[in-house]
Structure formats: C-alpha cells, structure tokens
Amino acid sequence: MREYKKEILTPEMQEIRSMILNTVTQREAIKSEMELWFEQHPKQNYPNMKNLILVDATLSKLDSFYKQLWDYHNTLK
C-alpha cells in the first residue's frame, strides 16, 4: 500500500486503475470504429454494438469497485 498525494492506493486499487485505463482505451477504439462505420453505412446498425455495451458495463463495474475500495481506505473512520 502506498500514499499518493494523501491518497492511499493499495496494490488491488492500482491494478483496478490499470484495468480501467485499458478498458477506456478499448472503449475509445470501439467508438472510433463505430464513427467510421456510420460514415460508410449511415442507414445500417453498427454490428459491434454488443461489444460497446459490454465494455461500458465492464467500465461501470470497475469504477464502482474502485470507488468502494477508495472510500474504504481513504475516508475517516
């Protein structure tokens, strides 16, 4: 466990942060792909929408879990 700017970050929290960054990168790639798709196929559905929904759900769960850990380690008890 280390303190960063008066913030406690456990190894688990650092790993979750890394997972969040990777998931955001993945989400941005899918969104860029989707923009190109709609430019080329304006009247069709985007075929990888399920992937975007899955990545969004994963990001939401990671965020929630990180916040729970942050609150536990960084709020006054």
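The structure under discussion appears in the preceding block.
Residues numbered from 1 in each chain as written. Predicted model: local features only at pLDDT ≥ 70, side-chain atom pairs only at ≥ 80, totals over all residues. Heavy atoms only, no water.

A. Looking closely at the pattern of salt bridges. Under the defined criterion, the tally for this structure stands at four salt bridges. Across the pair Arg-17 and Glu-7 runs a salt bridge, and its minimum N-O distance is 3.6 Å. Linking Arg-17 in helix 1 (residues 11-40) with Glu-7 in strand 2 (residues 7-9), this pair joins segments that are 10 residues apart in sequence. The exposure class of Glu-7 is buried, given its relative accessible area of 16%. The residue Asp-56 makes a salt bridge to Arg-27 at a minimum N-O spacing of 2.4 Å. Of this pair, Asp-56 sits in helix 2 (residues 49-74) while Arg-27 sits in helix 1, and the two are 29 residues apart along the sequence. For Arg-27, a relative accessible area of 23% puts it in the partly exposed group. Among the charged side chains, a salt-bridge network with shared partners connects Arg-27, Glu-28 and Asp-56. (Salt bridge = Lys/Arg side-chain N within 4 Å of Asp/Glu carboxyl O. Helix = DSSP H or I, 4+ residues; strand = E, 2+ residues; numbered from the N terminus. Buried < 20%, exposed > 50% of the residue type's maximum accessible area, 1.4 Å probe, protein only.)

B. View of the packing of aromatic side chains. This model, assessed by the stated rule, comprises one aromatic pair. Both rings, one in Phe-38 and one in Tyr-46, keep their centres 6.3 Å apart while their planes meet at 45 degrees; by these two values the pair is tilted. The class for Phe-38 is partly exposed, based on a relative accessible area of 34%. (Phe/Tyr/Trp six-rings, centres within 6.5 Å; stacked < 30°, edge-to-face > 60°.)

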